[in-house]
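# Commentary on secondary and tertiary structure
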Amino acid sequence: MKHLTTQVAIIGAGPSGLLLGQLLAKQGVDNVILERVNGEYVLSRIRAGILEQGFVDLVREAGVAERMDREGHVHEGVEFSIENERYRIDLKALTAGKTVMCYGQTEITADLMNARQAAGLPTYYEASNVQLHDVASNEPYVTFSFENEEYRLDCQYIAGCDGFHGVSRKTIPSDLKKEHERVYPFGWLGLLSDTPPVHDELIYAKHSRGFALASQRSETRSRYYLQVPLTDKVEDWSDEAFWDELKKRLPEEVAQNLVTGPSIEKSIAPLRSFVCEPMQYGRLFLVGDAAHIVPPTGAKGLNLAASDVATLYKVLTRAINDGDEACVQQYSEICLRRVWHGERFSWWMTNMMHDFGDVSTYGTDSHTFSRFMDSEFSYYLTSESGKAVIAEQYVGLPYEDPK
Ligand code: RFL
Ligand code: PHB
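Please read these numbers as outputs of a predicted model, since none were measured by experiment.

Criteria and thresholds
- Residues numbered from 1 in each chain as written.
- Chains lettered and ligands numbered in written order.
- Predicted model: local features only at pLDDT ≥ 70, side-chain atom pairs only at ≥ 80, totals over all residues.
- Heavy atoms only, no water.
- Near = heavy atom within 4 Å.
- Polar contact = N/O pair within 3.5 Å; in protein donor to acceptor, adjacent residues only side chain to side chain.
- Areas by Shrake-Rupley, 256 points an atom, 1.4 Å probe, with all protein chains shown as cover.
- Helix = DSSP H or I, 4+ residues; strand = E, 2+ residues; numbered from the N terminus.
- Nonpolar A, V, L, I, M, F, W, Y, C, P; charged D, E, K, R; others polar.
- Buried < 20%, exposed > 50% of the residue type's maximum accessible area, 1.4 Å probe, protein only.
- Pairing = 2+ DSSP bridges.
- 1 Å grid on protein atoms, 1.4 Å probe; cavity = no way out; pocket = protein on both sides within 12 Å on 5 of 7 lines; lining within 4 Å.
- Points joined across faces, edges and corners; volume = space filled by probe spheres on them.

As a matter of local geometry, ligand 2 sits amid 14 residues, with Tyr 204, Ser 215, Arg 217, Tyr 225 and Pro 296 nearest to it. Tyr 225 has a polar side-chain atom sitting 2.6 Å from an oxygen atom of ligand 2. One of the backbone N or O atoms of Ala 299 is found 3.4 Å from an oxygen atom in ligand 2. Relative to its unbound accessible surface of 280 Å², ligand 2 loses 96% to contact with the protein. Listed by contribution, the elements that provide at least two residues to the shell around ligand 2 are strand E16 (212-218) and strand E17 (221-228).

This is the structure in C-alpha cells:
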C-alpha cells in the first residue's frame, strides 16, 4: 500500500473537480484529484455550451480564462419559438447588462486540464475502486488502485465531484440523506457538426412534433437537439433523419437557412430532476452533478456546479488557511438555496416546452396540462414582466457568499 497525504482529496476530474482544484491551489491549498477514466474520455463527453456570468467570473478568478475570453462568444439575447412564431428575449436589456457566454464544456475542461498539468498539480487518471473512509471523523481517507498498486490518500476534507453515478453520494448513509427525483418521459438526441450555426443566438423551439434546440460552439460548429422518445436509440437516427426532423420543428424562415453536414457526435441524454439533501456529510462535500441533476432546458447543470465550487473553495480555504472550521457547516444550505431555484426553473422550462404525449401530470389529464403549458409559455413570452422573469434566471441568479 502506497501512502499519500493532501489537504483536499477531490473525486472526479470533470469541470467541478478541476475548477475546484485550480481555485484551491491558487489559495495555497494542496489537493489531489482521482478520476476513474482517462483524460481523452473526459473530453469526449459533449455537454454544456452556455456559461452564466458567475461561472465566467470564477474561471477568470482561477486564472484559466485566457482562451475562453478570446474564443467564447457573448450572447446578449436568446430566442424562443412556438411553431413558426419567434420571440426574442433581450437578456442584456432586461437584466441591466447581464449576458451569457457561449463556450463549450469540453473547451473549459481542456483549459483546466492544461492549467493543472502546467502547475504540476497531481491527478490520478484511471484510478479504480475509489472508496471513501471515515468521512464523519476528523481523519478521513480515500483508497484506490492505480497502475496495479493500492493507494491510501489521507486528507482533511473530501470533495465528491464524481457526477451522478459516482461513489461519493453513496457514501452518505441513506437515513441521513433525502433524494428528490423526477424522471421525464422523453430524452434529448444531440448532434454536433462542423456547419455554421443556423442563427447567431440560441433558439429554443416548442413545436407540436416535439421540442428542438439550435445551439452552437463557434462560427463553424453547431450543436442541435431534438426531443425523442426514451425508447429511441441513436442508431435509429441517421444524420439525414435528424436534419429533416429539425427543419420541421424550427420556424420555417429559420429552417430555410439551415446548413446540414455529417455529424461529429450524436448521443441521447435522458432528462431528470434530482437533488440530494444535505450536500454534506462530516468532511465530505458533494459538488455539481454528484448532488443534483437538472434537465438541460434551462442550461443550468454546469452553472449550478460552478456555484457549488465557488462556495466550497471559499469555506475550505477559510477552514484550512485560517482555522475557521465551523465555516464549512454553511456549505449545504448556501448551495441548496441556489440549486432549488435552478431546479425549479429547469423543470418549469421543460414543462412549458416539451410534448408530454398522453402522460397525465399534476392531477390533470394530458390534454388539459398541455393547454395550461401553452398558455403559460405564450403569456411569459409576450408580457414584458414575463420576459424579465425568464431573462433574470437564464443569465443566472446571484451567488451567495459564506458568512
Ligand atoms: P461530470 O462532468 O459528470 O464529471 C464527474 C467526473 O467524475 C468521474 N467519476 C469518478 N471518478 C473517480 N471515481 C469514481 N467512482 C467516479 N465516478 C465518476 C467521471 O468519470 C467524471 O469525469 O460532473 P461535474 O464535474 O459535476 O459537471 C457537471 C456537468 O457535466 C453537467 O452539469 C452539465 O454538462 C449539464 N449540462 C449543461 N449545463 C449547463 O450549465 N449548460 C448547458 O448548456 C448544459 N447542457 C448539459 C447540457 C448536460 C447534458 N448531458 C449529456 C447530461 C447538455 C447535455 C446534453
Ligand atoms: C448546448 O449547447 O449543448 C446547450 C445549450 C443550451 C441548453 C442546453 C444545451 O439549454
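What follows deals with the site of ligand 1. Neighbouring ligand 1 are 31 residues, the closest being Ser 16, Glu 35, Arg 45, Gln 105 and Asp 289. Taking Pro 15, its main chain carries an N or O atom lying 3.3 Å from an oxygen atom of ligand 1. Gly 301 is positioned such that a nitrogen or oxygen atom in its backbone is 3.3 Å from a nitrogen atom of ligand 1. Relative to its unbound accessible area of 1,000 Å², ligand 1 is 88% covered by the protein chains. Contributing elements (two or more residues each) for the shell around ligand 1: helix H1 (15-26) and helix H10 (301-322). It is H10 that provides the largest number of residues to the shell around ligand 1, a total of three residues. Of the residues in the shell around ligand 1, the class split is 14 nonpolar, 10 polar and seven charged.

Turning next to the pairing of E16. The buried fraction of E16 amounts to six of the seven residues, a majority that puts the element mostly inside the structure. Across three bridges, the pairing between strand E15 (residues 203-206) and E16 is antiparallel. Considered in E16, the bridge of Ile 203 is made with Ala 214. As judged from the six bridges shared by E16 and E17, these two strands associate in the antiparallel manner.

On to empty space enclosed by the protein. Overall, the coordinates contain one cavity of 30 Å³ or more when judged by the stated rule. Considering only enclosed or pocket space, the largest cavity measures out at about 70 Å³ in volume. Surrounding the largest cavity, Glu 52, Lys 300, Leu 304, Arg 338, His 341, Gly 342, Phe 345, Gln 393, Gly 396 and Leu 397 form its lining. The biggest single contributor to the lining of the largest cavity is helix H11 (residues 331-353), with four residues. Its residues placed into classes, the lining of the largest cavity shows three nonpolar, four polar and three charged.

The next point concerns unusual backbone geometry. In most cases, non-glycine residues show a negative phi, while peptide bonds are predominantly trans. With omega at -10 degrees, the peptide bond leading from Glu 277 into Pro 278 counts as cis. As for its placement among the helices and strands, Pro 278 is situated in the loop between strand E18 (263-277) and strand E19 (280-281). Unlike most non-glycine residues, Asp 134 shows phi in positive territory, near 50 degrees. Relative to the elements of secondary structure, Asp 134 occurs in the loop between strand E10 (128-133) and strand E11 (141-146).

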